[in-house]
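# Observations on the three-dimensional arrangement
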Amino acid sequence: LRIAPRQPALDHMLAAMRSGKHVITANKGPVVYHYRRLRALARRNRASDRVSFCASFPNLETVDLCYCNGVFHHILREKRAEVTMEIRRKLRPGGLFTLFENNPWNPGMRYSMAQCEFDHDAIAVSAPEAVRLVRAAGLRVLSVRFMFIFPRILRVFRWSERYVARLPLGAQYQVLSEKSLSG
């Protein structure tokens, strides 16, 4: 596993910008590797205000979905609950929060994080810790699943990953949660 400016984040951002959407991201990969390209597209569309690269929420009322991938291990432990509460506050009733993080129980992921300069000072977040954060913020956990179990050399077995997604084996995990309809 390696950290790289891979898809689909970049394509989603480009497609949204081309269609006039405002893009807000804390996803470091596309920003680090493709900032000039993203900025140029925004300027070409005369919409420099349609792309925001932020570490905090802009002044939006509420959103239907908040997607975080590989963000929380860069947030100081003492700030994680506060950030999760802010995410809950920004979600519309019935809105979803999907949190993807690196699985610190996976040796390959631990090695990968140790080799990545972006993750030099990162503090890994375990799936149980992520579930506690989400629940403490008042969100209902819909599912927890682990993914990326088999490396490329064993890709012939990847078909079976969906059957063991509840076991903490994968390099990443996802905690999918929901804000109640009553807010």
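Structure's up top.
Residues numbered from 1 in each chain as written. Predicted model: local features only at pLDDT ≥ 70, side-chain atom pairs only at ≥ 80, totals over all residues. Heavy atoms only, no water.

Spatially, the 4 strands line up as an open sheet ordered β3-β4-β6-β5, and their pairing is mixed. Each of the sheet's edge strands pairs with one partner strand only, and the pair in question is β3 (63-69) and β5 (140-147). Neighbour-to-neighbour, the strand axes of this sheet turn through a mean angle of 10 degrees, independent of strand direction. Sheet analysis places strand β4 (residues 91-102) next to strand β6 (residues 172-178), joined by 7 bridges and oriented antiparallel. Opposite N102, over in β6, you have Q172 as the bridge partner. (Pairing = 2+ DSSP bridges. Helix = DSSP H or I, 4+ residues; strand = E, 2+ residues; numbered from the N terminus. Axes fitted to C-alpha atoms, helices over the stretch in contact; angles between N-to-C directions.)

Below, the discussion takes up the packing of aromatic side chains. For the coordinates displayed, the defined rule picks out 5 aromatic pairs. Centre to centre, the rings of Y67 and F100 are 5.5 Å apart; their planes meet at 50 degrees, and the pair counts as tilted. With Y67 in strand β3 and F100 in strand β4, this pair connects stretches of sequence that are 33 residues apart. For Y67, a relative accessible area of 49% gives the class partly exposed. (Phe/Tyr/Trp six-rings, centres within 6.5 Å; stacked < 30°, edge-to-face > 60°. Buried < 20%, exposed > 50% of the residue type's maximum accessible area, 1.4 Å probe, protein only.)

Below, the discussion takes up the environment of L96. Tracing the sequence through the fold places L96 in strand β4. Note on L96: relative accessible area 29%, which makes it partly exposed. Once the C-alpha coordinates of L96 and L65 are considered, the two residues, 31 residues apart in sequence, prove to be 4.8 Å apart. For L96, the contacting residues outside a window of four places in its chain are D64, L65, C66, L91, L142, L176, S177 and E178. (Contact = heavy atoms within 4.5 Å.)

Moving on, we get to the side chain of Q174. Mapping Q174 onto the fold places it in strand β6. A distance of 2.7 Å separates polar atoms of two side chains, one belonging to Q174 and the other to T98. Leaving out residues up to four positions away in the same chain, Q174 has contacts with T98, L99, F100, S143, V144, R145 and M147. (Polar contact = N/O pair within 3.5 Å; in protein donor to acceptor, adjacent residues only side chain to side chain.)

This part takes up unusual backbone geometry. A positive phi angle, close to 60 degrees, is found at F148, a residue other than glycine. In this structure F148 comes out as partly exposed when scored by relative accessible area, which is 43%.

In this structure the tally under the stated criterion is 5 salt bridges. E129 is paired through a salt bridge with R80; the nearest N and O atoms lie 3.0 Å apart. You can see E129 sitting in helix α5 (residues 127-136) and its partner R80 sitting in helix α3 (residues 77-90), a full 49 residues away along the chain. For E86, the salt bridge goes to R89, with nearest N and O atoms at 2.9 Å. Pair noted here: E86 and R89 are both in helix α3, with a separation of 3 residues, about one helical turn. The partly exposed category is assigned to R89, whose relative accessible area is 49%. (Salt bridge = Lys/Arg side-chain N within 4 Å of Asp/Glu carboxyl O.)

A word on the pairing of β4. Judged from the 6 bridges that link them, β3 and β4 form a sheet pairing that is parallel. Bridging from a neighbouring strand, V63 pairs with L91 of β4. Each parallel crossover has a hand, and for β3 linked through α3 to β4 it is right-handed. (Right-handed = clockwise from strand over helix to strand, strands pointing away.)

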